[in-house]
Amino acid sequence: MSVEQVPVPRTNGQTHRAGYDEETRARLSADAAAIKARYPQERSALLPMLHLVQSEDGYVSPRGIAFCAAELGLTTAEVSAVATFYTQYKRHPNGTYTVGVCTNTLCAIMGGDAIWEELSDHLGIGHDETTDDGAITLERVECNAACDYAPVVMVNWEFFDNQTPDSAVALADELTAGHPVTPTRGAHSVCTFKEMSRVLAGFGDGRADEGIGAGGPTLAGTVLAREQGWVAPPFPADAEASTKTPARGTRTTKAPAASHAPKPGGEQSSAERPATTPGDVSPARRTTKKQSDDAKES
Amino acid sequence: MATTLAPVLTDLWDKDRSWTLATYEDNGGYRGLRRALSLPAGDVVTMVKDSGLRGRGGAGFPTGMKWGFLPAPDGGPRYLVVNADESEPGTCKDIPLMLASPQHLIEGMIITSYAIGCHHAFVYVRGEVLHVYRRLLKSIEEAYAAGYLGKNILGSGFDLDITLHSGAGAYICGEETALLDSLEGLRGQPRLKPPFPAVAGLYARPTVVNNVESIASVPGIVVGGADWFKQMGTEKSTGHGLFSLSGHVTRPGQYEAPLGITLRELLDMAGGIREGHELKFWTPGGSSTPIFTAEHLDVPLDYESVGAAGSMLGTRALQIFDDTTSVVRAVTRWTEFYKHESCGKCTPCREGTYWLAQVLQRLEAGRGTSADIDLLLDLCDNILGRAFCALGDGATSPITSAIQYFREEFEAGTHTPADVLFPPERSSLFAYTPRRSGAQLAGVHA
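Since this is a predicted model, take the numbers as computed values, not measurements.

On to the overall build of chain B, then. On a plain count of helices and strands, chain B comes out with 21 helices and nine strands. Scaling as 2.2 N^0.38, a compact globule of 446 residues should have a C-alpha radius of gyration of about 22 Å, and chain B matches this with 22 Å. The C-alpha extent of chain B, read off along each of the three principal axes, is 70 × 50 × 40 Å. Expressed as a percentage of the 446 residues in chain B, the buried residues total 68%. Taking contacts inside chain B between residues at least 6 apart in sequence as the whole, the part at least 24 apart equals 72%.

Structure follows, in structure tokens:
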């Protein structure tokens, strides 16, 4: 199903035109040229260009799809195929703020489900729906890599940590009222969906130095190590300067100093062919049970 | 003496404006790059091989060996792509690292690029972390301005450009070949292997794909040497790693320790399970790793020991759940995640995750049948090892392991809803009164 066929009723003012006016198109083309210049091959520019389209139209509009297709020499079907694969590309006009409640397992159990219920009832909308005033699009989001701050709410992909139903409702009310809100870890205030999309297209907004470097849980280990005087082993060059006791680690036997990984080839060419099965690397991995974690391998 | 923490990457995180190049340099940053540039590239590869560093993104594949798989230079481009698409449920280490000290990653990328003969490197960061994107963009700009990137870096004659690339919301793009397709402007679906990225990766050129923490660990190895790194950890799981504690624990957060530390030791550091409760189950490395229980508190968290105990070290994402938690509810929600994130390329995963979710949803609602447990196991058997990539395999891990340890809870799902057996308000970190049953909440993506 193409974007054009999505049966979303459009109100006046949201009706798309056939394309951008000349001035807008020239501006977007200049941006697209800057994006394309980052890559050895132009097609790589498509994802950032879709963010760029969202920064202009607030969603991946039909004219935005046509623009990307024309810029990259693709068909609109090819662009739509990509746009519909990724959840951050919105297929109908997004609110000024995307409010995402993490309801993946850990956040859900720590209270994310309760936050979701409260917010959904309070705003009167469900997943991927937008309030009538266009302020908030509500989403259930998947794990956003802040589990140590659970339950987490994201507003335009800025972190609002350790939320409760009450704090989340208060946050939504501020957004509805048009007041600036401050993330726990992020810029001083949350920008709009369009402004955010422009940053994700690779155009900085000069706000990187705002906010903190790390929240409390991020620093839990660092703080504890300072309290206990725990340090990693000093670098050999620094060893004489160190007086603290380094972490001993847990290894019980010392590896031979001259242990070498296999080098079946010359410099930068250690194998005649790449490993094609785990067994190429280690006989111990020729197990019957398929290793299932190389999805995240890297 | 018990294992202690070993702050290496985290040692910088509490400094003032820790994310800036100035702070990084003031604390010893870019010594590794200077040393690397004074050595032949092959020596840097050897050093990382000798350190025993293994991929910190989950699979634990030796990093230096991965670099060594690149074919001999043929005059064409070779690429480094950093996998910063951290999305495995429970995993929350790379995002705070890039927020607090992105220069660790940038320096590691420059050293790695030098080692493998790459002149254009990429960071693929998930699109759902706006401020991390800002910090990375700024850190790359700062590195260019300081002469660490661009032409003739530090007078060495080595050239490197780094491109920051935002994803757009797709867990599958953490799979390295799906990531490459996504970076090429396609739907993020995994590629058939072989050829592996080392031979035909980005734009069909030799490519190394490494996790953020792996690359960020490289500068320290180059400064300290392989033997320094090997002082930490176990014989086969060397070095330091970020252990991310979350859930029903008194002080959740990031704890950087030698590999081989145990959950019991980490829980002691983190103040234990939340007051008045006991540990019920936990994941050693994200939701795709089979769950553990209290009987595994003393399993050394290294690749070999966790594997021998029936799970995988994964990303060291330790999600802790106490005795108030319904394992059926937890597993059902994870399964809905895999269903939502399945890319649709292969049938076992695309269809299988949908069936798994349906069966689990009725068990969570207390409307399961007596055959459902066997049905789940049969479905898992038809996915594990038969899916195109590891997403499908990972989807089966929580189910089969949870049935192994908590079969009676699944049996109870034939007559009693999970939220009756385990009222969700007892698990949450704040007091509230539920308005709907979990059965209604389940399956929102259906």
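By the secondary structure assignment, Gly247 of chain B is in strand β5 (residues 240-247). Along the backbone, Gly247 of chain B and Gln319 of chain B are 72 residues apart, and their C-alpha atoms lie at a distance of 5.7 Å. Once residues lying within four places of it in the same chain are set aside, the contact partners of Gly247 of chain B are Leu106 and Met110 of chain A together with Pro252, Gln319, Ile320 and Phe321 of chain B.

Moving on, we come to the nonpolar core. Core analysis: the biggest nonpolar cluster contains 219 residues, and Val81 and Val82 of chain B have the highest contact counts within it. Sequence-distant contacts of Val81 of chain B, that is, excluding residues within four places in its chain, are made with Phe122, Tyr124, Leu179, Leu180, Leu183, Leu202, Thr207 and Val209 of chain B.

All names here are of chain B. Where strand β2 (residues 120-125) and strand β3 (residues 161-166) come together, six bridges link them in parallel fashion. Its bridge partner lying in β3, Val123 is registered against Leu164. Taking the sense of rotation as the criterion, the β-α-β connection linking β2, helix α7 (residues 130-145) and β3 turns out right-handed.

All names here are of chain B. Within the open sheet, the four strands sit side by side as β3-β2-β1-β4. Their pairing is parallel. Looking at which strands have only one partner, the edges of the open sheet turn out to be β3 and β4 (207-211). Between one strand and the next, the sheet's axes are offset by a mean angle of 20°, whatever the strand orientation. Relative to the sheet, helix α8 (residues 176-183) contacts β1 (79-84), β2, β3 and β4, its axis offset from that of β1 by approximately 110°.

Moving on: α7 of chain B. Residues and elements named next belong to chain B. Spanning 16 residues, α7 covers 23 Å between terminal C-alpha atoms, matching the ideal 22 Å at 1.5 Å per step. The element α7 is largely enclosed, with a buried count of twelve among its 16 residues. For α7, every residue scored as buried is listed here: Leu130, His131, Val132, Tyr133, Arg134, Arg135, Leu136, Leu137, Ser139, Ile140, Glu142 and Ala143. Residue Gly147 follows α7 closely and has a positive phi angle near 85°.

A few words on the pairing of strand β7 (residues 279-283) of chain B. All names here are of chain B. Here β7 lies mainly inside the structure; five of its five residues are buried. Taken together, the four bridges between β7 and strand β9 (residues 317-322) define a ladder with antiparallel strand orientation. Across the sheet, residue Thr283 finds its bridge partner in β9, namely Gln319. In this structure, β7 lies alongside strand β8 (residues 292-293), joined through two bridges in antiparallel fashion. In the strand pairing of β8, Trp282 is matched with Phe292.

What follows deals with the sheet that holds strand β6 (residues 253-258) of chain B. All names here are of chain B. Here five strands make up an open sheet; going across it, the order is β6-β5-β9-β7-β8 and the pairing mixed. The open sheet is flanked by β6 and β8, the only strands paired with a single partner. Bridge count for β5 against β6 is six bridges, and the pairing is antiparallel. If you follow Leu245 over to β6, its bridge partner there is Gly253.

For the bond running from Lys193 of chain B to Pro194 of chain B, omega is -5°, close enough to zero to count as cis. By the element assignment, Pro194 of chain B lies in the loop between α8 and α9 (197-200). The linkage connecting Pro194 of chain B with the following residue, Pro195 of chain B, adopts the cis geometry, with an omega of 5°. Phi is positive for Asp128 of chain A, which is not a glycine, with a value near 60°.

Moving on: the packing of helix α5 (residues 105-123) of chain A against helix α6 (residues 165-177) of chain A. Residues and elements named next belong to chain A. Relative to each other, α5 and α6 sit at 35°, their axes nearing to 9 Å. Here α5 and α6 pass one another in a crossing that is right-handed. On α6, the residues that touch Ala114, Ile115, Glu118, Leu119, His122 and Leu123 of α5 are Pro165, Ala168, Val169 and Ala172. For the contact of α5 with α6, the class distribution of residues is eight nonpolar, one polar and one charged.

Next up on the list: the interface of chain B and chain A. The interface of chain B with chain A comprises 146 residues on the first partner and 101 residues on the second. No other element matches the seven residues that α7 of chain B contributes to the side of chain B that touches chain A. Its residues placed into classes, the side of chain B that touches chain A shows 69 nonpolar, 53 polar and 24 charged.

With that settled, the discussion passes to the domain arrangement of chain B. All names here are of chain B. Parsing chain B into structural domains produces domain 1 (10-230), domain 2 (240-322) and domain 3 (327-441). Each of domain 1 and domain 2 was reduced to a C-alpha centroid, and the two centroids are 27 Å apart. Contact with domain 1, which involves 14 residues of that partner, is made by 17 residues of domain 2. Looking at the side of domain 1 that touches domain 2 residue by residue, the classes come out as three nonpolar, six polar and five charged.

Residues and elements named next belong to chain B. Mapped onto the elements of the fold, Lys280 is located in strand β7. Spatially, the C-alpha atom of Lys280 lies 9.6 Å from that of Glu295, the residues being 15 residues apart in sequence. Leaving out residues up to four positions away in the same chain, Lys280 has contacts with Phe321, Asp322, Asp323 and Thr325.

In this fold, Glu158 of chain A is placed in strand β5 (residues 158-160). Of the residues examined, Glu158 of chain A has 24 C-beta atoms within 10 Å and is grouped as buried. Dropping the residues within four chain positions of it, Glu158 of chain A is found in contact with Pro183, Gly186, Ala187 and Val190 of chain A together with Leu130 and His131 of chain B.

Summary statistics for chain B give a mean pLDDT of 96 and a share of 97% for residues scoring 70 or more. This stretch, residues 441-446 of chain B, has a pLDDT under 50; its non-local contacts, to residues over four places away or in other chains, come to 14 contacts.

Further remarks concern the domain arrangement of chain A. Once the domains are mapped, chain A shows domain 1 (3-83) and domain 2 (97-191). Between the C-alpha centres of domain 1 of chain A and domain 2 of chain A the distance comes to 28 Å.

Calculation notes
- Residues numbered from 1 in each chain as written.
- Chains lettered and ligands numbered in written order.
- Predicted model: local features only at pLDDT ≥ 70, side-chain atom pairs only at ≥ 80, totals over all residues.
- Helix = DSSP H or I, 4+ residues; strand = E, 2+ residues; numbered from the N terminus.
- Rg over C-alpha atoms; globule rule 2.2 N^0.38 Å.
- Buried ≥ 20, exposed ≤ 12 C-beta atoms within 10 Å, placed from the backbone.
- Contact = placed C-beta atoms within 7 Å.
- Core = buried A, V, L, I, M, F, W, Y, C linked by C-beta atoms within 7 Å.
- Pairing = 2+ DSSP bridges.
- Right-handed = clockwise from strand over helix to strand, strands pointing away.
- Axes fitted to C-alpha atoms, helices over the stretch in contact; angles between N-to-C directions.
- Expected span 1.5 Å × (residues − 1).
- Left-handed = near helix turned anticlockwise from the far one by under 90°.
- Nonpolar A, V, L, I, M, F, W, Y, C, P; charged D, E, K, R; others polar.
- Domains from an automatic or database assignment.
- pLDDT = per-residue confidence, 0-100.

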